[in-house]
There are 4 protein chains.
Amino acid sequence: MSEQERVRASFDRQGLMAHLGARLGHVGPGVVHILLPARPEVTQQHGYFHAGATSAIADSAGGYAAYTLFPEGTSVLTVEFKINLLAPAVGEHLEAVGTVLKPGRTLTVCRLDVFAVQGEQRTLVAAGQQTLIQVAARPER
Amino acid sequence: MSEQERVRASFDRQGLMAHLGARLGHVGPGVVHILLPARPEVTQQHGYFHAGATSAIADSAGGYAAYTLFPEGTSVLTVEFKINLLAPAVGEHLEAVGTVLKPGRTLTVCRLDVFAVQGEQRTLVAAGQQTLIQVAARPER
Amino acid sequence: MSEQERVRASFDRQGLMAHLGARLGHVGPGVVHILLPARPEVTQQHGYFHAGATSAIADSAGGYAAYTLFPEGTSVLTVEFKINLLAPAVGEHLEAVGTVLKPGRTLTVCRLDVFAVQGEQRTLVAAGQQTLIQVAARPER
Amino acid sequence: MSEQERVRASFDRQGLMAHLGARLGHVGPGVVHILLPARPEVTQQHGYFHAGATSAIADSAGGYAAYTLFPEGTSVLTVEFKINLLAPAVGEHLEAVGTVLKPGRTLTVCRLDVFAVQGEQRTLVAAGQQTLIQVAARPER
């Protein structure tokens, strides 16, 4: 499988991403985008995206960005992440971008950026940093 | 309104928490618990809770813990948080505990702890730290 | 060597700790204290401890707390840490406490607490969380 | 005073930076560099820079980067920072770069990057993110 196929196959098995309505965008070596359209299930009473939804897609984007650089037969786990919520997350959809900052055999570090997109406008609404660990893959049922 | 009533009223307006199936547990001054039962929508292919779901309830628990100490007419926003995922999050439900570590007029800092509960067993699966800011409340529609 | 002796031997080789005037306090399994007396070299123009000094002893306290639980022939490296500066750090000395929250074969997670001590008074001035990795020790010259 | 003069005047009053042997590099609107030459006082037994020294100059670089955008009569405090140590910090000197990611009236968020410089070679050895708060300046004695 190509890195694209591996990422898409894994993404499709993630109950949470489907449940939030998130979908994969660009997938390249060391960089993955995840899109989340606005709807009441992921927003607050003022129509802003919930910080938990913003963080969830940021965490997944970073995890898959790392995963694109891992060899077959391995899997990825989030060790930790830190995220700053910079501005109200309001728009038609969010776009989370995970980018590998430092790849490694055991640990990989990613930058996380989340943009709110409204028409032509693209606003940075969250930024963070994440540590991931490469582990042996478990056989899928 | 008592702090309990204010927290419950706000929680009930949060689309994301309802959508995940989370519910409020204990609410006291400076401490709030949020419970998340296991179901495919918040777990991965192996039955573990998704890191994004774990983080989302941790962030909300900390936000409400801070909010219990805020005066009426104010609201709370997450400035940033950092969370370590310590162990596979597997069990009947997760219990996120937000505890105010340092209250302040502008900024409040909380500890975040998430436990996986299976029968009598309670395992710490995530721990973090969060900064929140007190802002003027917007009128609700 | 006992864990105490290993920690003290390593601490004594650290140029930075000596240069700052820091000294080891309590050393137990999974917990290490480091003390830093106030003097102009580690403070600012207002007599507060510099955030960089506060962080440096917090990072070292956590690193050594993890190290107490590691087997002989291994060493410890900081993967990352996050620290909140909660209150002006002013007093006769600082006391940083590193405590293992979750030990592991590869990664260990610690809590970091820093207190400012003035006579009988002990104020929490910083709190954080840290991830450490166990590596094979290099031969000392 | 220009932003450059304000930053240099403040830097010169910081006991810790002088004590470590750090000096200001480039100072521009929203970006500040701090250099730290290698010497035994800031390194470990293997000649690597100590994580505490790396973090201290990163924290200061970010703090001054924010400060360049603040109005006169104000001062800056670090609320919190998170830093990943990506590679052994070894070289002739370290160069910490603080860059404002999101300025604000109350809170400012910075990226922190630290490079180890050896001849022509420049290696990213640490990366982080920091939250700062603008406060009223205290009169200097």
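Because the structure is predicted, anything quoted here is derived from the model rather than measured.

1. Some points on the environment of Ala136 of chain B
All names here are of chain B. Among the structural elements, Ala136 can be located in strand S6 (residues 121-136). Judged by its relative accessible area of 63%, Ala136 is exposed. With 66 residues separating them in the primary sequence, Ala136 and Phe70 have C-alpha atoms 10 Å apart. Apart from the residues within four sequence positions on either side, Ala136 is in contact with Gly73, Thr74 and Ser75.

2. Considering the relation of the copies chain A and chain B
When chain A is brought onto chain B, the operation consists of a screw motion whose angular component is 180 degrees and whose axial shift is 0.0 Å, with 0.0 Å RMSD remaining. One copy is carried onto the other by what is essentially a two-fold rotation axis. Distance from the rotation axis, computed per C-alpha, reaches its smallest value in chain A at Lys82 of chain A: 2.0 Å.

3. Side note on the packing of aromatic side chains
Aromatic ring pairs are described here by two measures, namely the spacing of the ring centres and the angle between the planes. Evaluation of the coordinates by the stated rule reveals ten aromatic pairs over all chains. When the ring of Phe11 of chain C is compared with that of Tyr64 of chain C, the centres are 6.0 Å apart and the planes differ by 55 degrees; the resulting orientation is tilted. In this pair, Phe11 of chain C is assigned in helix H1 (residues 3-12) and Tyr64 of chain C in helix H3 (residues 51-67), connecting sequence segments 53 residues apart. The exposure class of Tyr64 of chain C is buried, given its relative accessible area of 4%. Among the aromatic residues, those joined into a ring-pair cluster are Phe11, Tyr64 and Tyr67 of chain A. The positively charged end of Arg122 of chain B is found above the aromatic ring belonging to Phe115 of chain B, 4.2 Å away from the centroid.

4. Considerations on the interface of chain A and chain B
Facing 35 residues of chain A, the contacting portion of chain B comprises 35 residues. Interface area, chain A with chain B, both sides summed: about 3000 Å², of which 49% is carbon and sulfur. Viewed at the interface, chain B and chain A are joined by two salt bridges. A salt bridge links Lys82 of chain B to Glu80 of chain A; the nearest nitrogen and oxygen atoms lie 2.7 Å apart. Counting across the chain A and chain B interface gives 14 residue pairs in polar contact (both at pLDDT 80 or more). Among the elements of the structure, helix H2 (15-20), helix H3 (51-67) and strand S3 (74-85) of chain A are those that each provide at least two residues to the side of chain A that touches chain B. Element by element, the count of residues in the side of chain A that touches chain B is highest for S3 of chain A, at eight residues. The residue makeup of the side of chain A that touches chain B, split by class, is 13 nonpolar, 13 polar and nine charged.

5. Quick notes on the interface of chain C and chain B
Accessible area lost on assembly of the parts is the figure often given for the size of an interface. With 14 residues of chain C in contact, the opposing surface of chain B contributes 14 residues. Buried area between chain C and chain B, summed over both chains or domains, comes out near 1200 Å², and the portion from carbon and sulfur atoms is 56%. Summed over the three residues of chain C that lose the most area to chain B, namely Lys82, Leu86 and Gln129 of chain C, the buried surface amounts to 41% of that side. For the pair chain C and chain B, the interface holds two salt bridges. For the pair chain C and chain B, the interface holds eight residue pairs in polar contact (both at pLDDT 80 or more). Elements with a minimum of two residues in the side of chain C that touches chain B: strand S3 (74-85), strand S4 (93-102), strand S5 (107-118) and strand S6 (121-136) of chain C. Considering each element in turn, the side of chain C that touches chain B owes the most residues, five residues, to S6 of chain C. Of the residues assigned to the side of chain C that touches chain B, the class counts are six nonpolar, four polar and four charged.

Reading guide: rules and limits
- Residues numbered from 1 in each chain as written.
- Chains lettered and ligands numbered in written order.
- Predicted model: local features only at pLDDT ≥ 70, side-chain atom pairs only at ≥ 80, totals over all residues.
- Heavy atoms only, no water.
- Helix = DSSP H or I, 4+ residues; strand = E, 2+ residues; numbered from the N terminus.
- Buried < 20%, exposed > 50% of the residue type's maximum accessible area, 1.4 Å probe, protein only.
- Contact = heavy atoms within 4.5 Å.
- Least-squares fit on C-alpha atoms with pLDDT ≥ 70 in both.
- Phe/Tyr/Trp six-rings, centres within 6.5 Å; stacked < 30°, edge-to-face > 60°.
- Lys NZ or Arg CZ within 6 Å of the ring centre and 35° of its normal.
- Buried area = accessible area lost by both parts, 1.4 Å probe.
- Salt bridge = Lys/Arg side-chain N within 4 Å of Asp/Glu carboxyl O.
- Polar contact = N/O pair within 3.5 Å; in protein donor to acceptor, adjacent residues only side chain to side chain.
- Nonpolar A, V, L, I, M, F, W, Y, C, P; charged D, E, K, R; others polar.

Geometric values such as these leave the question of function open.
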